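# Topology and contacts: notes
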Amino acid sequence: IACCCLVLGALLAWWLGNDIRVPVRELAETAQQVARGDLQVEAWVYARDEIGDLATTFNAMTAQLRAQHQRIGEQVREIERERDRSEQLLLNVLPSTIAQRLKSNEHPIADAFAEASVLFADVVGYTNLSSQMEPTEVVNCLSRIFSAFDEIARRHGVEKIKTIGDAYMAACGLPRHVEDHPQRI
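Residues numbered from 1 in each chain as written. Predicted model: local features only at pLDDT ≥ 70, side-chain atom pairs only at ≥ 80, totals over all residues. Heavy atoms only, no water.

## Considerations on the sheet that holds strand S2 (residues 159-164)
Defined as follows: Should DSSP find at least two bridges between two strands, the strands are taken to pair. The numbering of helices and of strands both runs from the N terminus, where a helix is a DSSP run of H or I of at least 4 residues and a strand a run of E of at least 2. Axis definition: a line fit to C-alpha positions, over the contact stretch in the case of helices; interaxial angles, taken between N-to-C directions, run 0 to 180 degrees.
Strand order across the open sheet formed by 3 strands is S1-S3-S2, with antiparallel pairing between neighbours. Since the sheet does not close on itself, it has two edges, and those belong to strand S1 (117-122) and S2, each with one partner. Taking the axes of each pair of neighbouring strands and ignoring which way they run, one obtains an average angle of 15° across the sheet. Here S2 pairs with strand S3 (residues 167-172) via 5 bridges, running antiparallel.

## Quick notes on the pattern of salt bridges
Filter applied, for reference: Salt bridge, as used here, is a side-chain nitrogen of Lys or Arg placed within 4 Å of a carboxyl oxygen of Asp or Glu. Here the term buried applies to any residue with accessible area under 20% of the maximum for its type, exposed to any over 50%, and partly exposed to those in between, with areas from a 1.4 Å probe on protein chains only.
Taken as a whole and judged by the stated rule, the model has 11 salt bridges. Between Lys103 and Glu87 there is a salt bridge; the shortest N-O distance is 2.6 Å. Of this pair, Lys103 sits in helix H3 (residues 96-103) while Glu87 sits in helix H2 (residues 50-93), placing them 16 residues apart in sequence. Given the relative accessible area of 40%, Lys103 is considered partly exposed. Look at Glu87 and you get partly exposed, because its relative accessible area is 25%.

## Examining H3
What counts, and what does not: In this description, one arc is meant: the one made by directions from the helix axis to the C-beta atoms. We call two residues in contact when some of their heavy atoms are within 4.5 Å.
Along H3, the residues classified as buried are Ile98, Ala99 and Arg101. Considered in projection along H3, the buried side chains sweep an arc of 160° and stay on one side of the axis. Check the buried side of H3 and you find it contacts H2. Where H3 terminates, the next one or two residues include Asn105, which has phi positive at roughly 60°.

## Description of the nonpolar core
Note the cut-off: Within this scheme, the nonpolar core is defined by two criteria: the residues are buried Ala, Val, Leu, Ile, Met, Phe, Trp, Tyr or Cys, and they are joined through side-chain atoms within 4.5 Å.
Counting 11 residues, the largest nonpolar core is built from Ala121, Val123, Val138, Leu142, Phe146, Ala153, Val158, Tyr168, Ala170, Cys172 and Val178. Looking at this core, the elements that each hand over two or more residues are helix H5 (135-156) and S3. Ranked by residues supplied to this core, first place goes to H5 with 4 residues. Apart from residues lying up to four places away in sequence, Phe146 is in contact with Thr163, Gly165, Asp166, Ala167 and Tyr168.

## Examining H2
The α-helix advances 3.6 residues per turn, and as a result positions three or four apart in sequence lie on the same side. For clarity, the cut-off: Helix span is expected to be 1.5 Å times the residue number reduced by one. What qualifies as a polar contact is a pair of N or O atoms within 3.5 Å, subject to a donor-acceptor requirement within protein and to the restriction that residues adjacent in sequence count only when both atoms come from side chains.
Look at H2: 64 Å from first C-alpha to last across 44 residues, which is about the 64 Å you get at 1.5 Å a residue. Those residues of H2 that sit buried are Ile51, Gly52, Ala55, Phe58, Asn59 and Thr62. Sitting at the amino-terminal end of H2 is Asp49, which places a side-chain oxygen 3.2 Å from the backbone nitrogen of Ile51.

## Overview of unusual backbone geometry
Geometrically, the link from His107 to Pro108 is a cis peptide bond, its omega value of -5° lying close to zero. Along the chain, the position of Pro108 falls in the loop between H3 and S1. The phi angle at Asn105 is positive, at roughly 60°, despite the residue not being glycine. Topologically, Asn105 is positioned in the loop between H3 and S1.

Rendered as structure tokens:
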């Protein structure tokens, strides 16, 4: 009888050990997968016991990590969009070479030039013309005019400085000196 009880106790211990060891081992393997960056994995919940509660809590934690990872990804994308937008605004205000100097904290950001040519163009009669047009027509008209100016400036190596309302400002001979800047402008 003692031998039977000893064998029965050993079998019961082995069975209970497996009942604990297998879920704990699988939970540990799942934790290692999460540690390697796989946030989609979930621990298997074997039973409604302490180990099952641990697996359920682990899965809730992993779900929170997934959600936080997604929010961080969205925030990073938003930061990148805003950085690109900021970059575009900077390039709308400054020539690209000056914008690069500003971004790299170079001082001074501007150079002195003995001579350069600057163009100021203004649409004659703009105020009267714009008062007789729909706002979208005014914007489209200015867009066509300034797009044509941009293309001509690009072809002749002229640097667009900015547009304000119906005014267009461009320069040649800076930030890169060229001898024929008056002819180009």
